[in-house]
Structure formats: C-alpha cells, structure tokens
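One letter stands for each residue in the lines below.
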Amino acid sequence: MDAGFFRGTSAEQDNRFSNKQKKLLKQLKFAECLDKKVDMTKVNLEVIKPWITQRVTEILGFEDDVVIEFIFNQLEEKHPDSKMMQINLTGFLNGKNAREFMRDLWPLLLSAQENIAGIPSAFLEQKKEEIRQRQIEQEKLASLKKVDQDKKDKDTRERTRSKSPRRWKTRSPGKRERKRSPSRSPVRKPSPVVGDSPPPPLMQSNTKTSQQPEEPDTSGTGLPETVIQEASSTGLIYH
C-alpha cells in the first residue's frame, strides 16, 4: 500500500475547501471597510483585546475563551485577511453576528495603525471623555463639600449669636443694680423753677428793707447845719 495514502492535506491544498471559501465569499455580505489592509505591526493589539473579549461576550451571552483566542490568533499575522476572518467566525457567531463583529473591529484596526501609539482614535476619545467625566464628578463633590462646609459655618455663627444675648441678659441685672446704687451714682440737685424765683427788683428792695436805718444823732453836734442856723436866729439855742 502506498504510503502517500496516509498523507494528509492542508485546507489550502484541498480543492473542496478552497471551492467552499470561494462560494462563501460570493454569498456572504462584507462591509466595505474590509477591503482595506491592516498592518498589525502598527497596531497595539493588547489595547484592543479587552474590546474583543467584551464584544464576543455580548454576542454569545457568555465568555467563550475558545472563540476569543481564535480571534487573537488570527490577528497575530502581519496582514490578516478580514474576509476570511468573517468566514471563519460565521460558524461560531452565525453570519449576521460575524458580519457585525468584523464591521466594528476593522475600523478600529485601521484607525490604530494611523496613530503613533497604535491606539484607535475612538479609544482615545473615550478615555478623554472618562477623564472629563471624572473631573466633573470631582468638581461636583468639591462643590457639595463647600456648600456643606458653608452651612456648618453659618450654623456655628448663628449658634454663637444666639448664645451671646443670653450671657448679656444674665449679667445685665447686676450691672443695672450697680448703676442704680446711691454710693456710686452722683445725686443730682433739682433745677430751680424759673416761676418761683422772685424778680430782681423785689430782691433788691427786700435787701434794703432788711437793713435797719441809722437813727439820727440828737446831740447838738449831730444836728444838721440848717437846723442850727434856724435855731440861732430865733434865739432858741443858748450858749
């Protein structure tokens, strides 16, 4: 028996397999983006692997490591065949899901090879949006903390104001009593009433009347000079 009978053939060597691929290429629908080639040496595959895992899990409803690793292995080639990948995934994901998966995956690879870091632009924008949302959340938290702190400060000020009058009221009676004590408060003299005071002329007359008039001197030497002259002329005075 010929030993060549036991030799196997690869899929590329089997005409039946190649004919089936050609038939599927004609029957299946492919997205237009799959016509472009991708250089995987310019793509950061490690960044895209989490997206592939998540997308396959969404399609299947569970995480299938076999299908996920199968996709990773096909992307290890320098120039993977996008249409052949869709044909190979059709048996795992069915025709519609395989077409949608490749329609979403291939633009990411095309965008990644155009960037220096090998990261798709959509991922970069998504990361920027996440950072922006995180900053917004931090600003909101800071604003809420500030409002809370302002409220606490306001409550503290109000409590301080409400306590200060009470201390003043408890001390005010003592202060008032000390102010009213006669020993410390000066006695005020009553102001004279203007209507009760006598007018100035009356006061002068009273002072004059209060003084006793001097009695005239009855002695001869004390008489007035006119009286003496009259007396001498009449001869009443005897020398």
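Residues numbered from 1 in each chain as written. Predicted model: local features only at pLDDT ≥ 70, side-chain atom pairs only at ≥ 80, totals over all residues. Heavy atoms only, no water.

**Observations concerning the overall build of the protein**
As a reminder, the rule being used: Numbering of helices and strands runs from the N terminus, with a helix taken as a DSSP run of H or I at least four residues long and a strand as a DSSP run of E at least two residues long. Where accessible areas are quoted, they stem from the Shrake-Rupley method and a 1.4 Å probe; at the residue level, only the protein chains shown are allowed to cover.
Looking only at helices and strands, the protein features eight helices and zero strands. Taken from N to C terminus, the helices and strands of the protein fall in the order α-α-α-α-α-α-α-α. Total accessible area on the protein is roughly 19700 Å²; 53% of this is exposed by carbon and sulfur atoms.

**A short note on the packing of aromatic side chains**
This is how it is decided: Pairing of aromatic rings covers Phe, Tyr and the six-membered ring of Trp, with a centre-to-centre limit of 6.5 Å; geometry is then stacked below 30 degrees between planes, edge-to-face above 60, and tilted otherwise. When a residue's accessible area, from a 1.4 Å probe over protein chains only, is under 20% of the maximum for its type it is buried; when over 50% it is exposed; and in between it is partly exposed.
Going through the model one piece at a time under the given rule, you end up with two aromatic pairs. Seen from their ring centres, tryptophan 51 and phenylalanine 101 are 6.0 Å apart, and the 25° between their planes marks the pair as stacked. Taken together, the positions of tryptophan 51 in helix H2 (residues 45-60) and phenylalanine 101 in helix H5 (residues 95-114) put the pair 50 residues apart, joining distant regions of the chain. Each member of the pair, tryptophan 51 as well as phenylalanine 101, is classed as buried.

**A short note on H5**
We apply this condition: One less than the number of residues in a helix, times 1.5 Å, gives the span that helix is expected to have. N or O atoms closer than or at 3.5 Å make up a polar contact, with two conditions inside protein: a donor-capable atom paired with an acceptor-capable one, and, for residues adjacent in sequence, both atoms drawn from side chains.
For H5, built from 20 residues, the straight-helix expectation of 28 Å at 1.5 Å per residue is met to within 8% by its first-to-last C-alpha distance of 29 Å. Regarding H5, the residues found buried are Asn97, Ala98, Phe101, Met102, Leu105, Trp106, Leu108, Leu109, Leu110, Ala112 and Gln113. Taking the backbone nitrogen of lysine 96 as reference, a side-chain oxygen 3.2 Å away marks asparagine 94 as the first, capping residue of H5.

**Thoughts on unusual backbone geometry**
Its identity as a non-glycine residue notwithstanding, asparagine 94 has a phi of 70°, on the positive side. Among the structural elements, asparagine 94 can be located in the loop between helix H4 (82-93) and H5. A residue is classified by how much of its surface remains accessible, and asparagine 94, at 40% relative accessible area, is partly exposed.

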